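# Close look at the chain arrangement
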Amino acid sequence: MSDFEKRNEWEKEPPQDKQLNLSEDDFSEKKQEPENEEEATFKEEMDTPQEEPMLSTDESEQISPDKEEIEEIKATEQAVASSSEEGRAFNNQKGNSKAKGFFSLLAAGIVGSALTFFTIPHTDLYNDSYDKLEKQVAELSNKVENKAGAITASTTSNTATSDGTVAIADMVETSSKAIVGIENLQQQQSNPFSQESSDVESGSGSGIIFKKDDQYAYIVTNNHVIEGANTLEISLYNGEKTEAKLIGADALTDLAVVRIDAKYATDVINFGDSSTLRPGDQVWAIGNPLGLELSRTVTQGIVSAVERSITVNTSAGDWEFNVIQTDAAINPGNSGGALINSSGEVIGINSLKIADSGVEGLGFAIPSNDLIPIVNEIIEKGKVERPYLGVGLASLEEVPRMYLQDLPNEVSEGVMVTNIDSNSAAAEAGLKVQDVIVSIDGKKITNSTDLRKYLYTEVKIGDKVELEIYRDGKSQKVELTLTSNNTIN
């Protein structure tokens, strides 16, 4: 047999290792065969050429990382770790350095395949999907950073409620532009040893711009806010200040009207119908409590009651006020400010409150329906004309008993004449000081408020009235014709 034939025959049936005395170097050149089925299967899978994955150009089939792909990546990493373990076990078992290199190469190939999977989104084919993913990741990152850092607030519009009505904050903002501050400056001697004097603030309050024409803007306030002022200074919504001129005042109803140049008034506010108010209606008070530093303060409350009668001692005498009671906070400086309804209309002028230990939430406002006629008359005439008796009065409970000794025991109520205007109807009718008036036109008089109320609400200027009086302990009747005078009883 030739050498060529022997070689072919040897390759067909290679001799066993035990028959050949081969060195370790010779063994490395020998074609290795698997020792068991598991190794044979694994070897066969590795030797089988892998087909390149086909990439679709259809955008609807583009790959985008999702939950399933993440799970596949994790499974691949586990396979790599498992394969590495198997490779290490195999290498230890074989003690072969080239087998170690083989499994290291295998592990590197699997990791490389995984990295290739992640590089696919960077290709032009998947740019759109990857851009969307990047945007989602960026938004998520921003949210996480915001939560970890400074707290931010979103701005909201406050123009209307869900049912289409005007929002409260917008209504209050609009109404506040017509609310002013009023400083009462009175002349005082600055130095007791000189004749020099200057205007000094003696008080402050609030006012409402309710009317405007080409020349002037008109402001209504309380009489006690402007009473005794030498100068009135108005502070406007925009921070400007100007001097006001008094048009007229009515001490009995505690109302006054002043005017400023029209150019200073940017907004006016309308009056509402106070007769529609009911207990429980929401109201807001706007004014300058405790001075201009707290200008246009807004407080909220409800109408606690309507048509309350409160007797108030004014500079013109006692008068029974018809008022709206509210629990909206009213403080010194709120006088003359607005009590508005949910439509932003003035339904009252805040005028007084009951301040006493343990008393809270008892504020009172002059109803708009009561003040409108008075305000109009002040603008037209500069004063409020009322029937005028021309007498000073004091209720009997205020008079010392020594002046009532001549009265019959049954007379316990009425008013005593304390002084008489010489040019009045009372003087012409022959009334005298210490006369006691007990009725007018047959209506019983219990105090001075009753008499004023009858004169100012039941009769008019020029009407004749009949008084029942007691003089020197005897009853008699006196008739007189009412006149007009701006001096109030």
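What counts, and where the lines are drawn
- Residues numbered from 1 in each chain as written.
- Predicted model: local features only at pLDDT ≥ 70, side-chain atom pairs only at ≥ 80, totals over all residues.
- Heavy atoms only, no water.
- Helix = DSSP H or I, 4+ residues; strand = E, 2+ residues; numbered from the N terminus.
- Buried < 20%, exposed > 50% of the residue type's maximum accessible area, 1.4 Å probe, protein only.
- Contact = heavy atoms within 4.5 Å.
- Areas by Shrake-Rupley, 256 points an atom, 1.4 Å probe, with all protein chains shown as cover.
- Pairing = 2+ DSSP bridges.
- Polar contact = N/O pair within 3.5 Å; in protein donor to acceptor, adjacent residues only side chain to side chain.
- Salt bridge = Lys/Arg side-chain N within 4 Å of Asp/Glu carboxyl O.

## Describing the overall build of the chain
Assigned secondary structure in the chain consists of 11 helices and 20 strands. For the chain, the residues scored as buried account for 35% of the 489 residues in total. A separation threshold of at least 6 residues defines the contact pool for the chain, and within that pool the share at least 24 residues apart is 62%. Split by element, the accessible area of the chain, about 30000 Å² in all, is 46% carbon and sulfur.

## Examining the pairing of strand β9 (residues 317–326)
Counted residue by residue, β9 has eight buried out of 10 residues, so it is predominantly covered. Relative to β9, strand β8 (residues 297–314) runs antiparallel, the two being bridged by nine bridges. By the bridge assignment for β9, R308 is matched with V323. Hairpin connection, β8 to β9: the antiparallel pair is bridged by two residues. In terms of strand pairing, β9 meets strand β12 (residues 363–367) through three bridges, oriented antiparallel. Its bridge partner lying in β12, I324 is registered against A365.

## Some words on helix α11 (residues 448–457)
Most of α11 sits out of view: seven of its 10 residues are buried. Within the span of α11, buried status applies to S448, T449, L451, R452, Y454, L455 and Y456. Capping the start of α11, N447 holds a side-chain oxygen 3.2 Å from the backbone nitrogen of T449, two or three residues further along.

## Looking at the pattern of salt bridges
The final tally for this structure, using the stated rule, is eight salt bridges. Close ionic contact of K241 with E183 constitutes a salt bridge, the shortest N to O distance being 3.8 Å. Of this pair, K241 sits in strand β5 (residues 241–250) while E183 sits in strand β1 (residues 179–189), placing them 58 residues apart in sequence. A residue is classified by how much of its surface remains accessible, and E183, at 10% relative accessible area, is buried. Among the salt bridges present, the one from R386 reaches D250, with a minimum N-O distance of 2.6 Å. Of this pair, R386 sits in the loop between α9 (368–381) and β13 (387–388) while D250 sits in strand β5, and the two are 136 residues apart along the sequence. Across this residue pair, the class does not change: R386 and D250 are buried. Among the charged side chains, a salt-bridge network with shared partners connects E183, E233 and K241.

## Some remarks on the side chain of T242
For T242, the position within the fold is in strand β5. Taking relative accessible area as the criterion, T242 reaches 13% and is therefore assigned buried. The residues touching T242, leaving out its near neighbours within four places in the chain, are L232, E233, I234, L236, I260 and Y264.

## Let's talk about the side chain of S368
Following the sequence through the fold, S368 ends up in helix α9. You can call S368 buried: its relative accessible area is 0%. In this structure the side chain of S368 is engaged in a polar contact, spanning 2.7 Å, whose partner is the backbone oxygen of G272. Apart from the residues within four sequence positions on either side, S368 is in contact with F271, G272, D273, S274, V346, I347 and G348.

## Notes on the environment of S343
Along the chain, the position of S343 falls in the loop between β10 (338–340) and β11 (346–353). Residue classification places S343 among the exposed residues on the basis of a relative accessible area of 54%. In sequence terms S343 and G272 are 71 residues apart; their C-alpha atoms lie 8.7 Å from each other.

Remember that the coordinates give geometry; whether it matters functionally is a separate question.
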